[in-house]
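Coordinate analysis (summary)
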Number of protein chains: 2
Amino acid sequence: MVVTMKDIARLAGCSSATVSKVLNGADQHISQATRERILKIVEDSGYVRNSIARGLKKKNTNIIAFVLPDIANPFFPEIVKGIEDESRRFGFALIVCNTDNNTTMERNAFKFLSSKMVDGIIFTHSIQSSDLEDILTTHVPIVIVDRLFKNETKGLGQVYIDTREAFIEGTTKLLEKGCRNLVFISGGVLHENDRYQGFCTALTKAGLDSCKEMTYMGQYDVETGYVGIENLLRLYPDIDGVICGNDLIAIGAMKALQNRGLRIPQDVKIIGFDDIYLSQYMLPALSTIHQPAYEIGVHAARMLIHNILHGEALKQEKLEYQLIMRDSV
Amino acid sequence: MVVTMKDIARLAGCSSATVSKVLNGADQHISQATRERILKIVEDSGYVRNSIARGLKKKNTNIIAFVLPDIANPFFPEIVKGIEDESRRFGFALIVCNTDNNTTMERNAFKFLSSKMVDGIIFTHSIQSSDLEDILTTHVPIVIVDRLFKNETKGLGQVYIDTREAFIEGTTKLLEKGCRNLVFISGGVLHENDRYQGFCTALTKAGLDSCKEMTYMGQYDVETGYVGIENLLRLYPDIDGVICGNDLIAIGAMKALQNRGLRIPQDVKIIGFDDIYLSQYMLPALSTIHQPAYEIGVHAARMLIHNILHGEALKQEKLEYQLIMRDSV
DNA sequence: ATGAAAGCGCTAACAT
DNA sequence: ATGTTAGCGCTTTCAT
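Please read these numbers as outputs of a predicted model, since none were measured by experiment. (Residues numbered from 1 in each chain as written. Chains lettered and ligands numbered in written order. Predicted model: local features only at pLDDT ≥ 70, side-chain atom pairs only at ≥ 80, totals over all residues.)

**Overview of the protein's contact with DNA strand D**
Near DNA strand D there are 26 residues, and of these Met5(A), Ala17(A), Ala53(A), Cys14(B) and Ala17(B) occur at the shortest range. Listing elements by their share of the surface near DNA strand D, those giving two or more residues are helix H1 (5-12), helix H2 (16-23) and helix H4 (51-58) of chain A together with helix H2 (16-24) and helix H4 (51-58) of chain B. When grouped by side-chain class, the residues that make up the surface near DNA strand D number nine nonpolar, 10 polar and seven charged. (Near = placed C-beta within 6 Å. Helix = DSSP H or I, 4+ residues; strand = E, 2+ residues; numbered from the N terminus. Nonpolar A, V, L, I, M, F, W, Y, C, P; charged D, E, K, R; others polar.)

Printed below as a string of structure tokens:
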């Protein structure tokens, strides 16, 4: 069982330096005979080079990582695809780490990733915001995606959309359609929530009152949407519009509404956020605010890799959202 | 900017061996003073150890990988959670690699992972079956999950459910409910498809004919379900039951059916497979065959890690499925 | 055209 | 209680 380059070299009757050169294509000065001999042995022995050793020597791995908070939310896989496609163009592989919205796992992931395991990291932090200052002050380049950092941590790249504005637009649409008893259901914490701020701004602008009681906060998942509606409906039986922090929440909310015999959109209108691929398959098809997830991935990867390869500065990039009207409004 | 252990050692006035001991908790013989001094410096300098170097020396990384074919299918994230939870108990981190049902990416992933990047791999192969013999003959332990390998490749672990039997049961249920014009929509290739075989077996057992024309094969995604129904309906306007290779397909199929004005389950009954968390949120709630995805992840991780840690043999483990009747049948 | 040698940053056995 | 040392498997410069 052959394992190392040294073994290959011994079998081929040459030095490991020569083997290395052949395997890396730096073989302009290697005779055809030697090259073939080496390649043959490599092939036969099923040798694969130890990338750990290689990484140690070269100080890079050609791998980038995407650290995300919830792999079960279809929004993130869409970003993954964008990152993957772009990475591949540059010969980078992608690994993804799920933190399950758990700060400890987030720290762990960063610990092993930033210790030279990968050349760069794309990151969406969990909703349990905690100080990550220390963790982000590593020496691998990082680009933040989706959920922004308020305190402009230095040296981070960011690609994002204007969430607040998107929610103003979404809420306004519901208002235009005649809703007067709007509720807001989302994940995260109320006071540091862009989405909530957009909701309030729109309400205020329309001369309506936005009170905290018309709000339910949980996770960014279907259960939150479901129990959110159940709770809210108990307090406000005449809800006629709901705006959700993401599509998963909207899907859960629709189910709860339908279970209560409420018709969408006749009795209550509902709008989501993200535009995951399943939204159009709902009944009724969900109206939502489209985030260009795939493009976010592409842009993030491109920025990161340009930094890794050519030291180009990491910057802030804003992408555009789009209101998609389907049948739930 | 401090970077290496040597730097820490210099600052602390000791050797890097001492630093290493402290950082690894092998410090029974280190004086409290030295320990504290070192820890302080590590803290202040933001030092993180180079896990590449460590991995090279120790010949392990305490990382396992899950290589999966489609990160956008919610079935896999559920497995991820099982793997994660179990891995964590043993101090292993998990990275996931998406192959997008693409053989080239599959090979690439294995190439860098098996070259000592990770201590073990959990793997669901893509539907483009190709010979992976060479790739699976690496020296890192592998456990296959979900989609089985026919040719019992030696030395691989497997955790699976009896798909064929599950589809017999599902199909039979539809038959019992009175369906006589069943169609089958799935991903992959017809002749090497367990799911299809289960479908046929049930039909034959009931004295019905299973013909290839009542079948549509594509990917394991919603689009396949949608266009599958559109195509099939063109040929067989009187379809009264559809059995799907997974829930995503079923969701797409439901939409197509509903768009045609067909009522579920009155006009046509439909059954899925996997029981992804969204299925119960569909309208009507999707009846499906539950795969214990989380447990599959747990079992796979446990088997893999036991092998890594104690050399326990990789084996075959069969888990149980369960027919879940909701409102689509 | 090929090889010798140094060293990437860390660990662990073996001194002291 | 701490340090010395010898690598882990690879790449790369510099000789030859």
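**Some points on the protein's contact with DNA strand C**
Looking at DNA strand C, there are 26 residues lining it, with Cys14(A), Ala17(A), Met5(B), Ala17(B) and Ala53(B) nearest. The set of elements that each furnish at least two residues to the surface near DNA strand C consists of H2 and H4 of chain A together with helix H1 (5-12), H2 and H4 of chain B. Along the lines of polarity and charge, the residues of the surface near DNA strand C split into 10 nonpolar, 10 polar and six charged.

**Considering the nonpolar core**
Among the nonpolar cores identified, the biggest contains 185 residues, and Ala65(A), Ile122(A), Ala253(A), Ala65(B), Ile122(B) and Ala253(B) are the most heavily contacted of them. Ignoring any residue separated from it by four or fewer positions in sequence, one finds Ala65(A) in contact with Ile95(A), Val96(A), Cys97(A), Leu113(A), Val118(A) and Ile121(A). (Core = buried A, V, L, I, M, F, W, Y, C linked by C-beta atoms within 7 Å. Buried ≥ 20, exposed ≤ 12 C-beta atoms within 10 Å, placed from the backbone. Contact = placed C-beta atoms within 7 Å.)

**Looking at the environment of Asn73(A)**
Residues and elements named next belong to chain A. With respect to the helices and strands, Asn 73 occurs in the loop between strand S1 (63-68) and helix H5 (75-89). Exposure remark for Asn 73: the 22 C-beta atoms within 10 Å place this residue in the buried category. Apart from residues lying up to four places away in sequence, Asn 73 is in contact with Tyr 220 and Leu 248.

**Overview of the pairing of strand S1 (residues 63-68) of chain B**
Residues in a regular strand point their side chains to alternate faces of the sheet. Residues and elements named next belong to chain B. Most of S1 sits out of view: six of its six residues are buried. For S1 and strand S2 (residues 93-98), the ladder comprises six bridges, and the chain directions are parallel. What sits directly across from Val 67, in S2, is Cys 97. Chirality of the crossover, the property in question, places the unit of S1, helix H5 (residues 75-89) and S2 among those that are right-handed. Bridging between S1 and strand S3 (residues 120-123) involves four bridges; their strand directions are parallel. From the neighbouring strand, Ile 64 faces S3, where its bridge partner is Gly 120. (Pairing = 2+ DSSP bridges. Right-handed = clockwise from strand over helix to strand, strands pointing away.)

**Brief notes about helix H11 (residues 247-259) of chain B**
All names here are of chain B. Taking 1.5 Å of rise per residue, 13 residues should cover 18 Å, and H11 covers 18 Å from first to last C-alpha, within 8% of that figure. Counting buried positions along H11 gives 11 out of 13 residues, so the element sits mostly inside the fold. Buried within H11 we find Asp 247, Leu 248, Ile 249, Ala 250, Ile 251, Gly 252, Ala 253, Met 254, Lys 255, Ala 256 and Leu 257. Count one or two residues on from H11 and you reach Gly 261, which has phi positive near 85°. (Expected span 1.5 Å × (residues − 1).)

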